[in-house]
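Results of the structural survey
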Amino acid sequence: MKPSTPDIAPPETTTPPAKPTLMARFKALLLEYGPVAFGLYWLSFFLSMAGFWAAIRAGFQPEGTGAQAGAWGAAYVATQVIKPLRLGAVFVLTPLVARIPPVARFLERNRHKWSNLL
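The notes below deal with the structure included here. (Residues numbered from 1 in each chain as written. Predicted model: local features only at pLDDT ≥ 70, side-chain atom pairs only at ≥ 80, totals over all residues. Heavy atoms only, no water.)

Some words on helix α3 (residues 70-81)
- Given a rise of 1.5 Å per residue, 12 residues ought to cover 16 Å, and the 16 Å separating the end C-alpha atoms of α3 matches this to within 8%.
- Ala71, Ala74, Ala75, Ala78 and Thr79 are the residues of α3 that are buried. End-on view of α3: buried residues confined to an arc of 140 degrees, all on one side of the axis.
- The elements touched by buried residues of α3 are α2 (35-57) and α4 (83-98). (Helix = DSSP H or I, 4+ residues; strand = E, 2+ residues; numbered from the N terminus. Expected span 1.5 Å × (residues − 1). Buried < 20%, exposed > 50% of the residue type's maximum accessible area, 1.4 Å probe, protein only. Arc of directions from axis to C-beta. Contact = heavy atoms within 4.5 Å.)

So, the packing of aromatic side chains
- Considering all chains together, one arrives at nine aromatic pairs under this definition.
- Centroid distance Phe38 to Trp42: 6.3 Å. Interplanar angle 70 degrees. Geometry classified as edge-to-face. Note that Phe38 and Trp42 are positioned in helix α2 at a spacing of four residues, about one turn of the helix.
- Ring centres of Phe45 and Phe46 lie 5.2 Å apart, and the angle between their planes is 75 degrees; on these two criteria the pair is classed as edge-to-face.
- Members of the aromatic cluster, connected to one another through ring pairs, are Phe26, Phe38, Tyr41, Trp42, Phe45, Phe46, Tyr76 and Phe91. (Phe/Tyr/Trp six-rings, centres within 6.5 Å; stacked < 30°, edge-to-face > 60°.)

Let's talk about the pattern of salt bridges
- A complete count under the given rule lists one salt bridge for this structure.
- Here Arg111 and Glu108 are joined by a salt bridge, their closest N and O atoms 3.3 Å apart. Linking Arg111 with Glu108, this pair stays in helix α5 (residues 101-115), spanning three residues, or about one helical turn.
- Taking the relative accessible area as the measure of exposure, Glu108 reaches 58% and is therefore exposed. (Salt bridge = Lys/Arg side-chain N within 4 Å of Asp/Glu carboxyl O.)

Focus on the packing of α2 against α3
- Contact pair α2 / α3: the axes reach a minimum separation of 8 Å and the direction vectors enclose 130 degrees. When the axes of α2 and α3 are compared, the pair comes out oblique. Regarding α2 and α3, the two cross each other, and that crossing is right-handed. Contact residues: Phe45, Ser48, Met49, Phe52, Trp53, Ile56 and Arg57 in α2; Ala71, Trp72, Ala74, Ala75, Tyr76, Ala78, Thr79 and Gln80 in α3.
- A class-by-class count of the residues in the contact of α2 with α3 yields 11 nonpolar, three polar and one charged. (Axes fitted to C-alpha atoms, helices over the stretch in contact; angles between N-to-C directions. Parallel < 35°, antiparallel > 145°, perpendicular 65-115°, else oblique. Left-handed = near helix turned anticlockwise from the far one by under 90°. Nonpolar A, V, L, I, M, F, W, Y, C, P; charged D, E, K, R; others polar.)

As C-alpha cells, this is what we get:
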C-alpha cells in the first residue's frame, strides 16, 4: 500500500525581492523626472556648499581634515558628509516639484528625450 500524498502543496520558501541600491533608485528617479531630479540634486549641492562656505567665513571653526583645506575645501568636505541627506531631500522633493503645473507640462512634453539616455 502506498502512503497517501497530501492534497495541500508544501509552502514555498521564497526570499523577498532585494531592495534596489541607492544608485538604482536614483537612476529610476532620473528616468521618471529627468532634468528636474538632476537640477534639484545639483541645486542642493551648490546651496549646501555655499551655506557651509558662508558659515565658515562667518566664524565657524571646522576641526579635523577640513581645517587645513581652507574655506572652500572645508565646505566641500562638509557638503560630501551630508550627501545622504541631500539625496534624501532630492528623493522627497522631486515628485513634489514635478507636480507644479508648468514643470509637469515640461516633463510630459520632453520625457522621450531623456528616457533613452540611461
